[in-house]
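Coordinate analysis (summary)
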Amino acid sequence: MLGLAKSGYESAKLCHKLGAEVTVNDGKDLSSDPHALELEQQGIRVISGEHPLSLLDNKPLIVKNPGIPYNIPLLQEAMNQGLDIITEVELSYYISEAPIIGITGTNGKTTVTSLIGDMFGNSKVNGQVSGNIGVVASKVAQEVTKDDYLITELSSFQLLGTIHYRPHIAIVTNIYSAHLDYHGSLEEYQNAKKNIFKNQTEDDYLIFNYEQRHLIDTDDIKSKILYFSTNQKVNGIYIEDDYVVYNGIRIINTHDIVLPGKHNLENVLVAVLAALLSGVDVKSVVHTLTTFSGIKHRLQYVGNNRGNKYYNDSKATNTLATRFALSSFNSPIIWLCGGLDRGNDFDDLIPYMDNVRLMVTFGETKDKLKTLGASQGKEVLQANDVKDAVNLIQDYIQSNDVVLLSPACASWDQYDTFEARGDERRERGEKKKKTF
């Protein structure tokens, strides 16, 4: 098990339980780590602080933490020796009795996974959410039965470490340029995503974005391909006359769906199709679409104050995610933005700023974003942090304004995580609501 973390911890316990001789290796010192000490008490060897090449002497199977790059010497030598290197989602496939719904994509995969999970939760069909959403798949795979579904969010890092992995329903929400520092090229990143359907058979389903159908060679795909589209009628699921339509049946009017934005309409289409293919009833699907308010920190509706709606999109750590957020509203937007300066500019946001009435910038990029706003004739305030930004807008807010935290930057200049950044904004917003 290369890398402890949550996946390494659960994988080590699983493989030990199944009778394997397990060694956990981590570059960090684990001598005081409680999980490492627990594993040692179970008879699992833990080697930390370095990656000795002697670990390869017995030609082991390597279960790699997804975040560890392949260019470290231990993995380079393992590849030279032709050893199998997998991630723990591959283990989940080996042991799962349940059919798998696998969800990947550059954006939207967490929302889709959560929507599907909620639809299952409202129905009589049992489905368990797992994977990149924060719940280790190989742990959940031990709990599901053949009558359940294992609903797994999959990152490109996880998919790169798959060999036999085969979901019954594979979903690709979209593929844009991302994580090139890890994958090396756009082609390698795309190929990692495509691993989700490489082992599917004619008994399986692939749900793919119709707008990006040029990215796949349908002649090489054995599974049944179903598309989703918000723009036209397709073989799959689509929007027609403001209705979600599948198999000629109107499922719901789009105006009754609580998640905002065109990109969320795409997420809705994907989730509806996967749920219906899995036997979830239409009533349960509709209940989710009329009540599901979003994923925490991902364009999450957190309440209103004096008629103004507040949205927490702290997960928007890049401009692509913020473009989605800015294009999700027709009302005037008070846009809270800024964070870690990675050296990029923000000009690609200009076409999406028409509805921005006021900007409040903070963090290392606050001057860059102020310049951007001024170039588009926007009023711009500067704040120390998110808490200060929420304070500042109280004297500027107008009726029908949408208050949107969508930073377009990572949080690490001021906060440990994007979750901490979003929680500060949400908590401060709740305090302000009590004041007025």
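Our structure's up above, just so we're on the same page.
Nothing here was measured: the structure is a model prediction, and the numbers come from that model.

Reading guide: rules and limits
- Residues numbered from 1 in each chain as written.
- Predicted model: local features only at pLDDT ≥ 70, side-chain atom pairs only at ≥ 80, totals over all residues.
- Heavy atoms only, no water.
- Pairing = 2+ DSSP bridges.
- Helix = DSSP H or I, 4+ residues; strand = E, 2+ residues; numbered from the N terminus.
- Axes fitted to C-alpha atoms, helices over the stretch in contact; angles between N-to-C directions.
- Core = buried A, V, L, I, M, F, W, Y, C linked by side-chain atoms within 4.5 Å.
- Buried < 20%, exposed > 50% of the residue type's maximum accessible area, 1.4 Å probe, protein only.
- Contact = heavy atoms within 4.5 Å.

Some remarks on the sheet that holds strand S13 (residues 249–253)
Strand order in the open sheet formed by 9 strands is S6-S7-S5-S8-S9-S10-S11-S12-S13, and the pairing between neighbours is mixed. Here the strands that pair on one side only, and so sit at the sheet edges, are strand S6 (127–131) and S13. Sheet twist, expressed as the average angle between the axes of neighbouring strands with direction ignored, equals 20°. Where strand S12 (residues 243–246) meets S13, 4 bridges bridge the pair, whose relative direction is antiparallel. Considered in S13, the bridge of Val244 is made with Ile252.

Considering the nonpolar core
Where a protein is soluble and globular, its nonpolar side chains tend to be buried together. By size, the foremost hydrophobic cluster in this structure holds 36 residues, and its most contacted members are Ile101, Ile116, Ile171, Val272, Val285 and Leu289. The greatest single-element share of this core, amounting to 9 residues, is contributed by helix H10 (residues 262–277). Once residues lying within four places of it in the same chain are set aside, the contact partners of Val285 are Met119, Ile251, Val272, Ala275, Leu276 and Val280.

Notes on the environment of Leu226
Relative to the helices and strands, Leu226 is located in strand S10 (residues 224–229). Residues Leu226 and Val270, spaced 44 residues apart in sequence, show a C-alpha to C-alpha distance of 9.8 Å. Once residues within four sequence positions are removed from consideration, Leu226 is found in contact with Tyr205, Leu206, Ile207, Phe208, Asn235, Gly236, Leu273 and Leu277.

As for the sheet that holds strand S18 (residues 379–382)
Spatial strand order, S14-S15-S19-S16-S17-S18: 6 strands in an open sheet with mixed pairing. Of all strands in the sheet, those bounded by a partner on one side alone are strand S14 (300–305) and S18. Neighbouring strand axes in the sheet, compared pairwise and without regard to direction, differ in orientation by 20° on average. Sheet analysis places strand S17 (residues 356–361) next to S18, joined by 4 bridges and oriented parallel. Each bridged residue has a counterpart across the sheet, and for Met359 the counterpart in S18 is Val380. Its contacts with the sheet put helix H12 (residues 319–326) on strand S16 (333–337), S17 and strand S19 (402–405), and the angle it makes with S16 is roughly 165°. Against the sheet, helix H13 (residues 366–375) makes contact with S16, S17 and S18, and its axis sits at roughly 165° relative to S18, the strand it touches most.

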